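Structural features, examined
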Amino acid sequence: MRKLWIVLLALVLFTAAGCGEEKPGGGDYLPVMLERSVISLDNDYIMDTTSMEVLGNCVEGLLRQDRNDKIIPALADSYDISEDGKIYTFHLRDAKWSNGDDVTAEDFVFAWRRVCADANEYAYMFSDIGRVKNAAAIISRKAAPVTLGVSAPDSKTLVVELEEPVPFFLSLMPLHIFYPVNEKFFSSLAARTYATTPETFLSNSAFTLEDYKPGAANIRLRKNKNYWDAASVHLDGLAYQVVTSPDDALTAFKNGTLKLVKIDGDHAKNIRDDESLAKNLRTVNVGHMNFLVFNTRNENLANQNLRLAITHAVDRETLVNDYVMDGSQPAYTAVRPNFAFNRYNDEDFSADQNKFAEYVGYDVKKARGYLDLAKAELGAKTFELGLLYSNDAGTTLVKVAQALKAQLEANLPGVTINLQPMTTAERLDKSKKQRFDIVLDAWRPDYADPTTYLTLWQTGNANNFGLWSNARYDEIISDCMSGDYWNYDDYWAALHEAEGIVMREAAIAPLYFVNQTILLADGVRGIEFHALNLPRVFKFATIK
Amino acid sequence: MTKYIAKRILLAAVTLFVIIFVLFVLIRIMPGNPFPVERMSAEMILQKRAELGLDKPILVQFADYMRMLLSGNFGNGTSLYNGAPIKPILLACLENSFKIGVLSIFFGTAVGLLTGIVAALNRGKFLDGLCTVLSILGVCIPSYVFMIFLQYFFAYKIPFFPYFFDPSRFLFSSIMPALSLSLFTISTVARFTRNEMVEVLNSDYVKLAESKGLQGFELMRRHVLRNALIPVVTVIAPLVVDLLTGAMVMEKIYGVNGVGKLMVDAIAGEGVDYNYVLALGIVFSSLYIGVMLLLDILYGIIDPRIRLSAKEAA
């Protein structure tokens, strides 16, 4: 008996001995909520916005976005563009990695070749979108990585060669996939261990990793003293905490554990009536657009009138105000507003939400008219359609799907909607294989140009789940993507025309533009929120 | 005896092999991809599948996997943490879960034993009733209710403990997680201890010891507890594995970077990470099988009848 106690006591002492009790850092560490775990901090492998944000506060690319999403210099001091728009020359400023090494043009050449050679999720930014010379061939293993159209004539000059002029090429540069990687440091590590611990990671931006383990629920970043713009950074560091439950987020904010949390629609609604918290409430534009995709291989949904009936039977105002409730806005265009601006006059591509009033909008009479046409054309009296949606990302989408079912069945007599909830991985899998009737899909812009949305519905695009196809649309988009519109006004007008085709034929039914409701503690200022690329930037944040 | 042990070990190995095979096949026929596919073309996906060897026949894949496993390696992730080697990451998470698990076992057994002893010594009295009600409550209340309750009162209403687990203040911030996990252990151990002790207290040899003049603590230590605890230990063993392998809900609520959370990330991350799910499944099953094997062998040593009946059955 005594032995048992001794063993147990020894175990506890052993456990206690294994862990120091003092808190590292101290000082002005801003405690912030993360919605999910970081999946990777290697820019080559990142595909989710959470990982992007944590990495983006540690590493900088050639250019970055300012508070208003304008593209401004970061590691590149200046740049020149050749007459034909195919050669970009970036001049790097003097900057250092957190280990003291210089950031050089070779770091970019190394990182970019690596991305194309590995051909991961975001590699298509080099080939399909950025049109960097030979990127497509390298990704499909038809050319060697050294043939990539990027070179470093000297350590401070980076020359990028494109296959076609790309009007929005500069707006791609803040994206994580275009970040540099220190080749010497990377090569000194064991395979695939880069960025898995603070010791295997280098930063060149405002913060550096202080405490991180793969899958960690808490991550600490410390101010990077070697950052070229360290004078602008006022925080001592950031303390990220993964919180998956909205209730936890709210209580952790209320007791001061966290100073910035995201809350869901249900809580947002209650907080608006709560005087002590309402002043901390903000709605930020984070970039997703949620929309319905119709599978045109389905014999009924191939009928344009049925699709138009559905898009007119959705009451988006009610959907957003009574079900989503987090400050999201109803969507009546195929491109979300607030991220793509005309280069010359700053016009927001989608500011006018009424431009397609003819093709989309809540109008039960019109919807029933289209439905009658569809019934006559298809010779059917009833339609039974499945609706696929993700149920692993909070409860909002579940509520939206249920509301859609109620609205469509009430407004369209004879239409039955079968709800098909599943995980996001499964939904994407089924969508790619066209095993659906209607799918509730979402897209967050990758770069500041309407084509980040408008390429989605091009024939042959991997994300054109519904296999909708229109020759004129394909022509416009491929011309836009291959630089045939060197005149920017024509380019802009062509994109408007393309968007009109999507709406006229109801290839998709836009539902709402996702906004986020957050609670921000008093005295915390200077955090930048972005609709694309990094959701939150803490470089200029301060705590009073 | 050697034959009995050898047979048990063989059986355990076969069980583990079957589990690995079933896991391996299930995870490959599960919907979803080992990598996210939102932005990849069909050709790129095929290329990635080929690189991971997923285009080979499933039995060939399984043979490859077993070969790697036998060399003491879990391979690399397929979608988590840029495909870094699994072993160090898994070990780090296991360490966190183990530490909290050990704390909760210690706490659970200590309080459970004490409650059981107090109840047994006061059989039929108020304290006995109270302990019984408490231990029934402990079994009935789902532990996550208790977790949320603790977090709400002792981290929010009275902000004494940290709201979330904080590895830099390990002991302090793991008190609430360990406590909430130990609730079930406390109740189970208390109930068993009480019942066994009541039985032993009524036995002839205890009465004899009492009549010889042995009293109080000495009687308890030498005669009652020793005999009452043997069945209790067999109840604790499987509970220990449960606690050590982490509790997914607890890790989610307190934000602990343990194996439970790793499992959730592996399944519900951007892509399903085949190798993490497999590695975790193998670790969990090995622990269970290991503990059961140990118990079987111990039973055999303690009680020769079990050994003999096994022989007769064979």
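Structure report, in brief. This is a predicted model, so every value here is computed, not measured.

It is worth spelling out the overall build of chain B at this point. Helices and strands together make up the secondary structure of chain B, namely 14 helices and zero strands. Moving toward the C terminus, one meets the helices and strands of chain B in the order α-α-α-α-α-α-α-α-α-α-α-α-α-α. A principal-axis box enclosing the C-alpha atoms of chain B has dimensions of 85 × 60 × 30 Å. In chain B, which comprises 314 residues, the share counted as buried stands at 50%. Here the analysis covers contacts within chain B between residues at least 6 apart in sequence; of these, 73% occur between residues at least 24 apart. If you average the places of the 27 positive and of the 21 negative side-chain charges in chain B, the two averages end up 6 Å apart.

A word on the overall build of chain A. Along its length, chain A carries 17 helices and 21 strands. Taken over the C-alpha atoms alone, chain A extends approximately 80 × 75 × 45 Å along its principal axes. Counting every position in chain A, which comprises 544 residues, the buried fraction comes to 60%. Sequence-distant contacts, at least 24 apart, represent 70% of the contacts inside chain A between residues at least 6 apart. Element-wise, carbon and sulfur atoms account for 50% of the exposed surface of chain A, whose accessible area totals about 20400 Å².

This next bit is on the packing of aromatic side chains. Two descriptors summarise a pair of aromatic rings, namely the distance from one centre to the other and the angle between the planes of the rings. This model, assessed by the stated rule, comprises 34 aromatic pairs over all chains. Their ring planes at 50° and their centres at 6.4 Å tell us that Tyr122 of chain A and Tyr124 of chain A sit as a pair that is tilted. On the accessibility criterion, Tyr122 of chain A (3% relative accessible area) is buried. Its relative accessible area of 10% is what places Tyr124 of chain A among the buried residues. For the ring pair Phe17 of chain B and Phe62 of chain B, a centre distance of 5.7 Å and an interplane angle of 70° mean the geometry is edge-to-face. Here Phe17 of chain B, found in helix 1 (residues 2–29), pairs with Phe62 of chain B, found in helix 3 (residues 58–70); they are 45 residues apart in sequence, far enough to count as distant. Among the residues examined, Phe17 of chain B registers a relative accessible area of 42% and is labelled partly exposed. With a relative accessible area of 7%, Phe62 of chain B lands in the buried category. An aromatic cluster is defined as three or more aromatic residues linked by ring pairs; in this entry it consists of Tyr344, Phe349, Tyr488, Tyr491 and Trp492 of chain A. Between the NZ or CZ atom of Arg220 of chain A and the centre of the ring of Tyr29 of chain A, over which it lies, the distance is 4.3 Å.

Moving on, we come to the environment of Thr132 of chain B. Residues and elements named next belong to chain B. With respect to the element layout, Thr132 can be found in helix 5 (residues 126–140). Between the C-alpha atom of Thr132 and that of Leu54, which follows or precedes it by 78 residues, the distance is 55 Å. There is a polar contact of 2.7 Å between the side chain of Thr132 and the backbone oxygen of Asp128.

Take the sheet that holds strand 6 (residues 150–154) of chain A next. All names here are of chain A. Taken in spatial order, the four strands line up as 4-5-7-6 in an open sheet, and their pairing is antiparallel. Because the sheet does not close on itself, it has two edges, and the strands there are strand 4 (76–81) and strand 6. Between one strand axis and the next, the sheet turns by 20° as a mean value, whatever way the strands run. Helix 3 (residues 105–118) rests against strand 5 (87–92), strand 6 and strand 7 (157–161) of the sheet, and its axis sits at about 165° to strand 6.

Residues and elements named next belong to chain A. Mapped onto the elements of the fold, Asn295 is located in the loop between strand 12 (281–294) and helix 10 (304–312). You can call Asn295 buried: its relative accessible area is 4%. Side-chain polar atoms of Asn295 contact the backbone nitrogen of Arg297, separated by 2.9 Å. Within the structure, Asn295 has its side chain in polar contact with the backbone oxygen of Phe436 (distance 2.7 Å). Apart from residues lying up to four places away in sequence, Asn295 is in contact with Leu301, Gln434, Phe436, Asp437 and Gly466.

Moving on: the interface of chain A and chain B. In this assembly, 68 residues from chain A lie in contact with 56 residues from chain B. Counting each side, the surface lost to burial between chain A and chain B is near 5400 Å², with a carbon and sulfur contribution of 59%. At the junction of chain A with chain B, the criterion picks out one salt bridge. For Glu51 of chain B, the salt bridge is made with Arg141 of chain A, and the minimal N-O distance between the two is 2.2 Å. At the surface where chain A touches chain B, the tally comes to 14 residue pairs in polar contact (both at pLDDT 80 or more). Those elements that place two or more of their residues in the side of chain A that touches chain B are helix 1 (2–17), helix 7 (246–254), helix 14 (424–432) and strand 16 (438–443) of chain A. Tallying contributions element by element places helix 1 of chain A first for the side of chain A that touches chain B, with seven residues.

All names here are of chain B. Interhelical geometry of helix 5 versus helix 8 (residues 175–201) gives an angle of 135° and a closest axis separation of 8 Å. In terms of axis orientation, helix 5 runs oblique to helix 8. Like other packed secondary-structure pairs, helix 5 and helix 8 cross with a definite hand, here left-handed. In this structure, helix 5 uses Asp128, Thr132, Ser135, Gly138 and Val139 to contact helix 8, whose residues at the interface are Leu183, Phe184, Ser187, Ala190, Arg191 and Arg194. Partitioned by chemical class, the residues of the contact of helix 5 with helix 8 number four nonpolar, four polar and three charged.

Moving on, we get to helix 14 of chain A. Residue and element names in this part refer to chain A. When we look at burial in helix 14, the residues that qualify are Ala425, Glu426, Arg427, Leu428, Asp429 and Ser431. Buried residues belonging to helix 14 abut strand 14 (383–390), strand 15 (415–422) and strand 16. Following helix 14 by one or two positions, Gln434 adopts a phi angle in the positive range, close to 55°.

This part takes up the pairing of strand 12 of chain A. All names here are of chain A. Across the 14 residues that make up strand 12, a large majority, eleven, are buried. As judged from the ten bridges shared by strand 12 and strand 17 (residues 508–520), these two strands associate in the antiparallel manner. By the bridge assignment for strand 17, Asn290 is matched with Tyr512.

All right, on to the environment of Pro330 of chain A then. All names here are of chain A. Looking at where Pro330 falls in the secondary structure, it is placed in strand 13 (residues 329–330). Spatially, the C-alpha atom of Pro330 lies 8.0 Å from that of Leu319, the residues being eleven residues apart in sequence. In contact with Pro330, not counting residues within four places along its chain, are Arg316, Glu317, Val320, Gln353, Leu511, Tyr512 and Phe513.

Here is what the cut-offs are and how they apply
- Residues numbered from 1 in each chain as written.
- Chains lettered and ligands numbered in written order.
- Predicted model: local features only at pLDDT ≥ 70, side-chain atom pairs only at ≥ 80, totals over all residues.
- Heavy atoms only, no water.
- Helix = DSSP H or I, 4+ residues; strand = E, 2+ residues; numbered from the N terminus.
- Buried < 20%, exposed > 50% of the residue type's maximum accessible area, 1.4 Å probe, protein only.
- Contact = heavy atoms within 4.5 Å.
- Lys, Arg positive; Asp, Glu negative; His and termini not counted.
- Charge placed at Lys NZ, Arg CZ, Asp CG, Glu CD.
- Areas by Shrake-Rupley, 256 points an atom, 1.4 Å probe, with all protein chains shown as cover.
- Phe/Tyr/Trp six-rings, centres within 6.5 Å; stacked < 30°, edge-to-face > 60°.
- Lys NZ or Arg CZ within 6 Å of the ring centre and 35° of its normal.
- Polar contact = N/O pair within 3.5 Å; in protein donor to acceptor, adjacent residues only side chain to side chain.
- Pairing = 2+ DSSP bridges.
- Axes fitted to C-alpha atoms, helices over the stretch in contact; angles between N-to-C directions.
- Buried area = accessible area lost by both parts, 1.4 Å probe.
- Salt bridge = Lys/Arg side-chain N within 4 Å of Asp/Glu carboxyl O.
- Parallel < 35°, antiparallel > 145°, perpendicular 65-115°, else oblique.
- Left-handed = near helix turned anticlockwise from the far one by under 90°.
- Nonpolar A, V, L, I, M, F, W, Y, C, P; charged D, E, K, R; others polar.

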